[in-house]
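Reading the structure
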Amino acid sequence: MNIFLLNLLQVAILGFFLIIASPKTIFANLQVPEFTKTVCEITINKKEIKKLYLEIADSEKKRSYGLMNREEIMIDNGMLFIWDKSEKRNFWMKNTLLNLDLFFINMKGIIVEIYRNAKALDQKNISSNEKVTFVLEMNAGELKSQVGDKLNCPIIKY
């Protein structure tokens, strides 16, 4: 076979492989932890109850990965970060492709602080001012909860 045709065939095969199985896709799939899901309710203004469909980040690996590399989050869906004890929590939006609202929640399930519209891919540190046990992340602007609203989840013992 002519060397030119052989090189052209090699380039075509390599190009096809890179289109079908890009390194980003291969490595992203290898590193994504498996999140369990649960249905929670949040009481808004002590009168409206809204169902939330949440993925649970309850290990260091899951909390570190969080919502990175997601291109969309369905309405009423989000992620609940869980720790064993209350501390001031720090977040950033590195590798997070969506703007998010962060709800800082104490050990009793009460929202004590809200950080609205954290910008996608921003590496600025987002810290809670108070010690919290849970942080809820949702699409920016979707959940109209306020400080004082309560999150109820069957997997959490308050």
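Let us look at the structure shown here. (Residues numbered from 1 in each chain as written. Predicted model: local features only at pLDDT ≥ 70, side-chain atom pairs only at ≥ 80, totals over all residues. Heavy atoms only, no water.)

1. Comments concerning the packing of aromatic side chains
Inspection of the entire model under this criterion finds 4 aromatic pairs. Arranged with centres 6.4 Å apart and planes meeting at 20°, the rings of phenylalanine 81 and tryptophan 83 form a pair that is stacked. Taking relative accessible area as the criterion, phenylalanine 81 reaches 2% and is therefore assigned buried. Tryptophan 83 sits in the buried class, given a relative accessible area of 16%. A centroid spacing of 6.4 Å and a plane angle of 75° characterise the contact between phenylalanine 91 and phenylalanine 104, whose relative ring orientation is edge-to-face. Of this pair, phenylalanine 91 sits in strand E4 (residues 90-91) while phenylalanine 104 is found in strand E5 (residues 100-105), placing the two residues 13 residues apart along the sequence. (Phe/Tyr/Trp six-rings, centres within 6.5 Å; stacked < 30°, edge-to-face > 60°. Buried < 20%, exposed > 50% of the residue type's maximum accessible area, 1.4 Å probe, protein only. Helix = DSSP H or I, 4+ residues; strand = E, 2+ residues; numbered from the N terminus.)

2. Side note on the pairing of strand E2 (residues 48-57)
The pairing of strand E1 (residues 36-44) with E2 spans 9 bridges and is classified as antiparallel. Its bridge partner being in E2, glutamate 41 is matched across the sheet by lysine 51. Adjacent in sequence and paired antiparallel, E1 and E2 are bridged by 3 residues, among which asparagine 45 carries a positive phi angle near 55°. By the bridge criterion, 5 bridges tie E2 to strand E3 (residues 77-87) in an arrangement that is parallel. Bridge assignment links leucine 54 to a residue of E3, and that residue is glycine 78. (Pairing = 2+ DSSP bridges.)

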